[in-house]
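Next come the chains, spelled out residue by residue.
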Amino acid sequence: MLNIIIDFYHQSTKTIINNQLSILNIIQNIDFPQNISPDVITQKCHLVIQYWQQQKTVEFLATVTQLENLARNYPQYSWVILEFLSEFVRQHTKINPSPTHQIRAEIQAILTVITQIHRQPETENAQLDLSHTDLRRANLQRANLEWANLYHVNLAGANLSQANLSGAILSAANLSGANLANANLSGAILSAANFSQANLTSANLYQANLYLANLQQANLDETILDKANLREAKFT
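Every value quoted in this text rests on a predicted model; they were computed, and no experiment measured them. (Residues numbered from 1 in each chain as written. Predicted model: local features only at pLDDT ≥ 70, side-chain atom pairs only at ≥ 80, totals over all residues. Heavy atoms only, no water.)

**Q** Give a detailed account of the pattern of salt bridges, specifying residues and quantitative values.
**A** Across all of its chains, the model carries 4 salt bridges by this definition. E106 is the salt-bridge partner of R104, the closest N and O atoms lying 3.3 Å from each other. Note on R104: relative accessible area 45%, which makes it partly exposed. When its relative accessible area of 9% is taken as the criterion, E106 is described as buried. Notably, a salt bridge pairs R231 with E232, separated by 3.8 Å at the nearest N-O pair. A relative accessible area of 54% means that R231 is categorised as exposed. (Salt bridge = Lys/Arg side-chain N within 4 Å of Asp/Glu carboxyl O. Buried < 20%, exposed > 50% of the residue type's maximum accessible area, 1.4 Å probe, protein only.)

**Q** Account for the packing of helix α4 (residues 57–73) against helix α5 (residues 78–92), with residues named and values stated.
**A** Helix-helix packing is characterised by the crossing angle of the two axes and by the distance between the axes. The N-to-C vectors of α4 and α5 enclose an angle of 150°; their axes lie 8 Å apart at closest approach. Accordingly, the angle class assigned to the pair α4 and α5 is roughly antiparallel. At the point where α4 passes α5, the crossing takes the left-handed sense. Here α4 contributes F60, L67, L70 and A71 to the contact with α5, which in turn contributes S78, I81, L85 and F88. When the residues that make up the contact of α4 with α5 are grouped by side-chain class, the tally is 7 nonpolar, 1 polar and no charged. (Axes fitted to C-alpha atoms, helices over the stretch in contact; angles between N-to-C directions. Helix = DSSP H or I, 4+ residues; strand = E, 2+ residues; numbered from the N terminus. Parallel < 35°, antiparallel > 145°, perpendicular 65-115°, else oblique. Left-handed = near helix turned anticlockwise from the far one by under 90°. Contact = heavy atoms within 4.5 Å. Nonpolar A, V, L, I, M, F, W, Y, C, P; charged D, E, K, R; others polar.)

**Q** With reference to specific residues and values, describe the nonpolar core.
**A** As a rule of thumb, nonpolar side chains are buried together in soluble globular proteins. Judged by nonpolar contacts, the single largest core of 62 residues is most densely connected at L145, L160, L165, L180, L185, L190 and F195. Of all the elements in the fold, those that place two or more residues in this core are α4, α5 and α6 (105–116). Per-element tally for this core: the top contributor is α5, with 8 residues. Setting aside residues no more than four positions away along its own chain, L180 makes contact with L160, S161, L165, L175, L185, F195, A198, N199, L200, T201 and A203. (Core = buried A, V, L, I, M, F, W, Y, C linked by side-chain atoms within 4.5 Å.)

Below, the structure written as structure tokens:
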């Protein structure tokens, strides 16, 4: 399968240079083997990510799209692929002290795949893990992050409108200035999270744990806070 991916890359690159065709259109026409073992998927995903992580953006994005297609075409193995992509994000988005930090296009592309692919965890307790990452200003609109581990994630200024964060762990997360309009945070663990100046308009925080959360200057218009734990939460 690795040879298929490498051969396809060379073929698609040559075609793009000669004909200026879209990478996405080309990738959709590739034929992958019908029978792929979990071990092969695990090994090849790891090799593909390692091999292309330092390549040019166009090449890297083509590889990410291939991984996305594999996850969609073989849903029984989608969790293996998503675990590798999540690990890649954790390794390459460590908390950055720079106030001007910008999320890279490669990371944004991976986040889009991770949060849009239907997840089929291999075990009942398996959890999407993006903890301790710097995702400032990421576009996660309509993202599916249900039950995800987002502990100590920096999501300042991120677009999480209409995202599904039900049951997610966001303890000590930085969501200052984030757009969470119409987001579902029901049952989420939000203790000590920073929501200062965040837009929580019409967000659902039913039964969410907001112990010690900072909600100063947050927009709470029509926010659902029924049965939420607001103990020692800061509103002013």
